[in-house]
Amino acid sequence: MEFGLSEEQNLLVDSVHRFLDSTAQLPRVRRFAEEGNDSDLWQGLVDLGISGLLVPESRGGVSLGFVEAALVAELLGKHVTPSPFLGTAVLMPALLNQVDPDSSLLDEIIAGTLRCGIGLAEANGARLGAALIERNGKLSGRALFVLDAAADVFLLADARHHLYLVDAEAAGLTTRRLATVDTTRPVVELTLNNCAATTLATDAEAMQRLLDIGRVMLAADTLGAASNMIEQAVIYAKQREQFGRAIATFQAVKHMCAEMAAELEPCRAFVWYAGHALNELPDEARLTACHLKAHISEVGKRIAKTATEVHGGMGFTDLVGLHYWFKRIGFNRQMLGTPEYLRDQAARLQGLVA
Amino acid sequence: MDLSYGPEYEGFREEVRSFLRTHGHKAPRGQGLRSSNLREWQALLIENGYAARTIPKEYGGFGATPDILKSRIIAEEFATAQVPGGLGGQGVSMLVPTLLELGTEEQKRRFIQPTIRGEMVWCQGYSEPGAGSDLASLRTSAVLEGDEWVVNGQKIWTSTAHLADWIFCLVRTEPDAPKHQGISFLLFDMKTPGIEIRPLVDMTMNHSFNEVFLTNVRVPKDQIVGQRGQGWQVANSILGHERDSLGDPNATLQRFNRLLDLMRDETVDGARVIDNPVLRDRAMEMQGRVMAMRFNELRVLSSRVNNKNDALLARLITKLEGTELRHALEGLGIDVMGELGLAYKDNPLVRDNGMFQYHHMFFLGLIIGGGTSQIQKNIISERGLGMPREPKLAEARAEKK
């Protein structure tokens, strides 16, 4: 029995962490928020093999699974790193492994020359009447909150939950930037007018599987972001003095930190289990993914608030930049299913909804 | 990740199941601590290695080498078969491990066997009216007169004192030493003259706690565990055992499943409770919390099985989160019942034997007992997050000057 990280997994974590720690500090993230260019960061991750993480060795990848992908997602959240990781390194390869393992797209993904955006927002409940309709192999309609602005191709779901690939340069496709609170994840609105599209999957199960995977990755991202917020809060509390002593000696402050840690630590095992379930436990994977993302979104929201409060007035400023983590956690909460939506899904999966 | 226990352990699981199929019907149910039936069952469990499993044979145990997974399989299979396992209680779960570690050979031979066989029932004399979270400030004194300790003072929260044969008790033997270094760990017979027991009924209306008054209680000098003044260390090794055993996530999972059953069975205005979207959402939120604690426990278990020291924080939070979760879960059970949630004891309308009401209160007791949630948060912030201790009052005053 082994329900913990192996030596290889720890090595992966170390190498990604070292890279992000040296190149993706907050000033770099701030520059991205202004300029929108993360190609150096992504190239660094590609050099570490992250783009081929899920691709089989026979296809030039590293043949790792969803636990490792979640570990990387956690680190990206920890560093609030802008990157096309979710669509490019996780969802698109996971789908292609299943439906078209010989696809040349995988070679481009591994090489870092193809960035894949994802538009699955409508699959979790369409807002503003947005929908994509397929007719004669062409897509028309609107997709909201599509990740990310710099994508070369988009992975999109239509109203029947079939999956398509659309080139970002395709005729009939217009892109509009949508400003969001989280400036580390640039999202766009796509309007398609009889757009050429390649069908990737026509069974709704394939899309559900992508949602499961995506939810676990967003949850892992929140795990990393929230754990970083706790670390920052503890460091700040040890430095900040009031009433003649470090505020970290006040029980009111210590208990806020202890509550954050006590709520978050079980989420670490939850993320591992959900990643493992995606790999090995098909009967549990969907329920675990729904519950994980719902639960960690609630925990993350409380931590985002509490860690900010521990910083006092400074937590509210742009100067400290804590808000990048606050917003990252907020983004993860809203995307691919809010907690209420996911708990309803969980109830349905267990036959609890009449 | 490998969540299986492996073929050797699955074979062991089969053995346990086969034992339960053959002997499970002999298990005593709902009988007092003193029943002969209970002792016979305990003897059978020890003989087969399902109780006192790792206690050496010379002290009456089964003598197996410790194996966390086998112990867990036993617990799982007994729970699944709903057959009561080996004797619990503070003697078995707290005193025996301590004696094995710190007792003299004579103490081990004298006390362990009767304790694990259920012939000697123990209570724990730690807390005092003025020494709760600050246990080390306890004042019950023991003065050596000739070959005897003379004990005077008062203990409180003494579970099963009214049923116990013996007590393991913290007393102050070195009044001039710093508070943690002046305590000793004594064992004595509850029939010794000078002991008065008064019941302390708790909010569930059960009598399990007591106040124990000690007046010139004379205890033979050699009934001390560890050296004079080392009682604090002895007690702390026991508290570690206690914290590990609280808020068991598998029991919590079983209770969650009962909650779902209840929500499917009960109706409001003719509709199933589970069909109320607000209550269903609360149940699902609870399920997420239950899952998180289950996986956390699995991680702690794996870390122990593989002798890794990589789950410190996960372990430190289990008492706080486990008891708070369980209290909230039982409270949700009451909420989903509406007015029926008021029914208790012999009310003919009571659901699930009043277990939701009982546990809701009982787990509030566990949130407070064994180190309150506030003490747990101090421990988590200091040992888990490396935050500094609050300065002592005297230090704070000196600093001010």
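Residues numbered from 1 in each chain as written. Chains lettered and ligands numbered in written order. Predicted model: local features only at pLDDT ≥ 70, side-chain atom pairs only at ≥ 80, totals over all residues.

1. Regarding the overall build of chain A
Step number 1: Within chain A, the secondary structure is distributed over 11 helices and 10 strands.
Step number 2: The globule rule puts the C-alpha radius of gyration for 354 residues at 20 Å, and the 20 Å found for chain A is close to it.
Step number 3: Seen through its principal axes, chain A has C-alpha atoms that stretch 75 × 45 × 45 Å.
Step number 4: Considering chain A as a whole, with its 354 residues, one finds that 55% of them fall into the buried category.
Step number 5: Taking the contacts inside chain A whose residues are at least 6 apart along the sequence as the reference set, 74% of them involve residues at least 24 apart. (Helix = DSSP H or I, 4+ residues; strand = E, 2+ residues; numbered from the N terminus. Rg over C-alpha atoms; globule rule 2.2 N^0.38 Å. Buried ≥ 20, exposed ≤ 12 C-beta atoms within 10 Å, placed from the backbone. Contact = placed C-beta atoms within 7 Å.)

2. Notes on the overall build of chain B
Step number 1: Of the regular secondary structure elements, chain B holds 13 helices and 10 strands.
Step number 2: For 401 residues, the compact-globule formula gives about 21 Å, and the C-alpha radius of gyration of chain B, at 23 Å, lands near that figure.
Step number 3: Dimensions of chain B along its principal axes, counting C-alpha atoms only, are 75 × 60 × 50 Å.
Step number 4: Residue burial in chain B is summarised as follows: out of 401 residues, 35% are buried.

3. A closer look at the environment of B:Gly60
Step number 1: Topologically, B:Gly60 is positioned in the loop between α2 (36-48) and α3 (68-81).
Step number 2: For the pair B:Gly60 and B:Gln113, spaced 53 residues apart in the sequence, the C-alpha separation amounts to 4.9 Å.

4. As for the interface of chain A and chain B
Step number 1: Counting from both sides, the interface comprises 38 residues of chain A and, opposite them, 46 residues of chain B.
Step number 2: Broken down by secondary-structure element, the contributors of at least two residues to the side of chain A that touches chain B are α7 (204-239), β10 (245-246), α8 (251-280), α9 (282-310) and α11 (339-349) of chain A.
Step number 3: The greatest single-element share of the side of chain A that touches chain B, amounting to 16 residues, is contributed by α8(A).
Step number 4: Classifying every residue of the side of chain A that touches chain B by side-chain character gives 22 nonpolar, eight polar and eight charged. (Nonpolar A, V, L, I, M, F, W, Y, C, P; charged D, E, K, R; others polar.)

5. Quick word on the domain arrangement of chain B
One widely used convention gives an interface's size as the accessible area the parts lose upon coming together.
Residue and element names in this part refer to chain B.
Step number 1: You can read the domains of chain B as domain 1 (7-87), domain 2 (122-229) and domain 3 (246-384).
Step number 2: Each of domain 1 and domain 3 was reduced to a C-alpha centroid, and the two centroids are 26 Å apart.
Step number 3: Opposite the four residues of domain 1 that make contact, domain 3 presents four residues.
Step number 4: In the side of domain 1 that touches domain 3, the residues fall into three nonpolar, no polar and one charged. (Domains from an automatic or database assignment.)

6. Some details on the nonpolar core
Step number 1: Counting residues in hydrophobic clusters, the biggest one holds 154 residues, and the most contacted among them are A:Val216, A:Ile230, A:Cys257, A:Phe270 and A:Val271.
Step number 2: Look past the residues within four positions of A:Cys257 in its chain and what remains in contact with it is A:Ile230, A:Ala233, A:Val234, A:Ala237, A:Val310, B:Ser381, B:Leu385 and B:Met387.
Step number 3: Grouped together as the second largest cluster of nonpolar side chains are 53 residues, B:Ala51, B:Ile73, B:Ala131 and B:Val151 included. (Core = buried A, V, L, I, M, F, W, Y, C linked by C-beta atoms within 7 Å.)

7. Remarks on the packing of helix α4 (residues 66-78) of chain A against α7(A)
All names here are of chain A.
Step number 1: Interhelical geometry of α4 versus α7 gives an angle of 40 degrees and a closest axis separation of 6 Å. With respect to α7, the element α4 is oriented oblique. In this structure, the crossing between α4 and α7 has a hand that is right-handed. In this structure, α4 uses Phe66, Ala69, Ala70, Ala73, Glu74, Leu75, Leu76, Gly77 and Lys78 to contact α7, whose residues at the interface are Ile213, Val216, Met217, Ala220, Asp221, Thr222, Leu223, Gly224, Ala225, Ser227 and Asn228. (Axes fitted to C-alpha atoms, helices over the stretch in contact; angles between N-to-C directions. Parallel < 35°, antiparallel > 145°, perpendicular 65-115°, else oblique. Left-handed = near helix turned anticlockwise from the far one by under 90°.)

8. Description of unusual backbone geometry
Step number 1: The omega torsion of the bond from A:Leu147 to A:Asp148 falls at -15 degrees, within 30 degrees of zero and hence cis.
Step number 2: Residue placement: A:Asp148 occurs in the loop between β3 (138-147) and β4 (153-157).

9. Overview of the pairing of β4(A)
Consecutive side chains along a regular strand alternate between the two faces of the sheet.
Residues and elements named next belong to chain A.
Step number 1: Within β4, five of the five residues are buried, leaving the element largely enclosed by the surrounding structure.
Step number 2: Here β4 shows no split at all, with Val153, Leu155 and Ala157 on one side and Phe154 and Leu156 on the other all buried.
Step number 3: With four bridges connecting them, strand β1 (residues 116-119) and β4 associate as parallel partners. Opposite Gly117, over in β4, you have Phe154 as the bridge partner.
Step number 4: Note: β4 against strand β5 (residues 163-167), five bridges, orientation antiparallel. By the bridge assignment, Ala157 is partnered in β5 with Leu163.
Step number 5: Linking β4 back to β5 in an antiparallel pair, the connection comprises five residues, with His161 at a positive phi of about 70 degrees. (Pairing = 2+ DSSP bridges.)

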